[in-house]
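# Analysis of the macromolecular model
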Amino acid sequence: MDQEKRGFINSLVFPSILLVLIWLIRGIEVLFSIDLGFLGISPLKLSGLIGIITAPLIHGSISHLAANSLPLFVLTVAIFYFYREIAWQIVLLIWFTTGLWTWFIARDAYHIGASGVIYGMASFLIFSGLIRKDMRLSIVSFIVVFLYGSFVWGVFPDFFPDREISWESHLMGFVSGLIMAFYYRKSGPQRKKYDWEDEEDEEDDAHDTGSPSQDETSDNSNRQEMKVTYHYKSRSDSDPGQS
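Residues numbered from 1 in each chain as written. Predicted model: local features only at pLDDT ≥ 70, side-chain atom pairs only at ≥ 80, totals over all residues. Heavy atoms only, no water.

### With respect to the pattern of salt bridges
Counted only if it meets this: Any carboxyl oxygen of Asp or Glu that lies within 4 Å of a side-chain nitrogen of Lys or Arg is treated as forming a salt bridge with it. The helix count covers DSSP runs of H or I at least four residues long, the strand count covers runs of E at least two residues long, and both are numbered beginning at the N terminus. Partly exposed describes any residue whose relative accessible area lies between the buried limit of under 20% and the exposed limit of over 50%, with all areas from a 1.4 Å probe on protein chains only and scaled to the type maximum.
All told, the structure shown has three salt bridges when counted by the stated rule. In this structure, R26 and E29 form a salt bridge, with 3.3 Å as the shortest nitrogen-oxygen distance. Of the two residues, R26 and E29 are both situated in helix 2 (residues 13-32); the distance of three residues between them amounts to about one turn of the helix. For R26, a relative accessible area of 14% puts it in the buried group. Owing to a relative accessible area of 3%, E29 belongs among the buried residues under this scheme. Of the charged contacts, one joins K45 and D108 as a salt bridge, the two residues approaching to 3.6 Å between their closest N and O atoms. Of the two residues, K45 is situated in the loop between helix 2 and helix 3 (51-54) and D108 in the loop between helix 5 (87-105) and helix 6 (115-132); the sequence distance between them amounts to 63 residues. Classification of D108 by relative accessible area gives exposed; the value is 63%.

### What to know about the packing of helix 4 (residues 62-82) against helix 6
Condition: Angles run from 0 to 180 degrees between N-to-C directions of axes, and those axes are lines fitted to C-alpha atoms, restricted for helices to the stretch in contact. Any angle from 65 to 115 degrees is called roughly perpendicular, while one under 35 is roughly parallel, one over 145 is roughly antiparallel, and all others are oblique. When the near helix sits turned anticlockwise from the far one by under a right angle, the crossing is termed left-handed; a clockwise turn instead gives a right-handed crossing. Working rule for contacts: check all heavy atoms of both residues, and any pair within 4.5 Å makes them a contact. Here the nonpolar group is Ala, Val, Leu, Ile, Met, Phe, Trp, Tyr, Cys and Pro; Asp, Glu, Lys and Arg are the charged ones; every other residue, Gly included, is treated as polar.
The interhelical angle for the contact between helix 4 and helix 6, taken along N-to-C directions, is 40°, at an axis separation of 10 Å. One finds that helix 4 runs oblique with respect to helix 6. As for how helix 4 packs across helix 6, the hand of that crossing is left-handed. Each of N68, P71, L72, L75, T76, A78 and I79 in helix 4 lies in contact with helix 6, whose residues at this interface are S115, I118, M121, A122, F124 and L125. The residue inventory of the contact of helix 4 with helix 6, partitioned by class, reads 10 nonpolar, three polar and no charged.

### Side note on empty space enclosed by the protein
Defined as follows: Grid spacing is 1 Å over the protein atoms alone, the probe is 1.4 Å, and a cavity is where that probe fits but cannot get out, while a pocket is an open set with protein on both sides within 12 Å along at least five of seven lines and lining residues have an atom within 4 Å of a point. Grid points are joined across faces, edges and corners, and a volume is the space filled by probe spheres set on the points.
Counted by the stated rule, this structure contains one cavity of 30 Å³ or more. Empty space within the largest cavity amounts to approximately 110 Å³. In terms of lining residues, the largest cavity is bounded by 16 residues, among which I41, A55, P56, G113 and S169 are the most central. Residue assignment for the lining of the largest cavity shows that the elements contributing at least two residues are helix 3, helix 5 and helix 6. Classifying every residue of the lining of the largest cavity gives seven nonpolar, nine polar and no charged.

### Describing the nonpolar core
For clarity, the cut-off: Within this scheme, the nonpolar core is defined by two criteria: the residues are buried Ala, Val, Leu, Ile, Met, Phe, Trp, Tyr or Cys, and they are joined through side-chain atoms within 4.5 Å.
I79, Y83, I90, M121, F124 and L125 are the most contacted members of the largest nonpolar core, which has 34 residues in total. Within the residue set of this core, elements represented by two or more residues are helix 2, helix 4, helix 5, helix 6, helix 7 (135-148) and helix 8 (167-183). Considering each element in turn, this core owes the most residues, seven residues, to helix 6. Setting aside residues up to four positions removed in sequence, Y83 forms contacts with A78, I90, F124, L125, S128, G129, R132, L137 and P189.

### Observations regarding the confidence of the model for the protein
Spelled out, the test is: Per-residue confidence from the predictor is reported as pLDDT, a score between 0 and 100.
When pLDDT is averaged along the protein, the result is 80; 71% of the residues meet or exceed 70. For the protein, per-element mean pLDDT is lowest for helix 10 (residues 214-230), which scores 45, and highest for helix 3, which scores 97. Per-residue pLDDT stays below 50 along residues 220-243; that stretch engages in eight contacts with residues further than four places along the chain or on separate chains.

### Concerning unusual backbone geometry
Positive phi values are uncommon outside glycine, yet S33 reaches one of about 55°. Note on placement: S33 falls in the loop between helix 2 and helix 3. For S33, a relative accessible area of 66% corresponds to the exposed category.

The following block contains the structure:
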């Protein structure tokens, strides 16, 4: 229990630092009346490549940041808790690939905000739980779907016709999370195999390999006793119980 508690506490460190950093950046913008939107992703422009790293840290308003804060924190904690061995790889790859692909396909504008990364992590948790068939991870997946079930509509451009929403980053994040879930399917936590499953496998193996059942063994024993009793030694080579 102490180890699990320690693991959970450790999983809070990076998400907390990330959240504080994002709010600090927004606070600096408000305090000094500056706009860091130029640090967003500007598609197909060399100057916009910096946005692959910085765009998730920049938000257009307090409401924009507030809307992203809770899902960003919860999903990052979930990844660092359940996938602690590969958490850094997952988060960094989703962060980078989402930004890079957005840079290639997005409209000509500055794309800012952490929603692309959020979509990536949500997609990863959902599909990874399903692929691994692990009860714990499946529960996490269903919680993500329940909390952010409508997030799938954010990958379609017509879902927000009157709002400046980067559906491109949503879509790229969703695809990135799916790919990472498949790529890391054999890394990190694996489905726990219960004792009753081992017993079923042993029974199946016994049938597949032709191993004699208890009744067959008992029957062979009786045959052997009959051979001893009646001295049928001359027929031992053709007896079906011998090899």
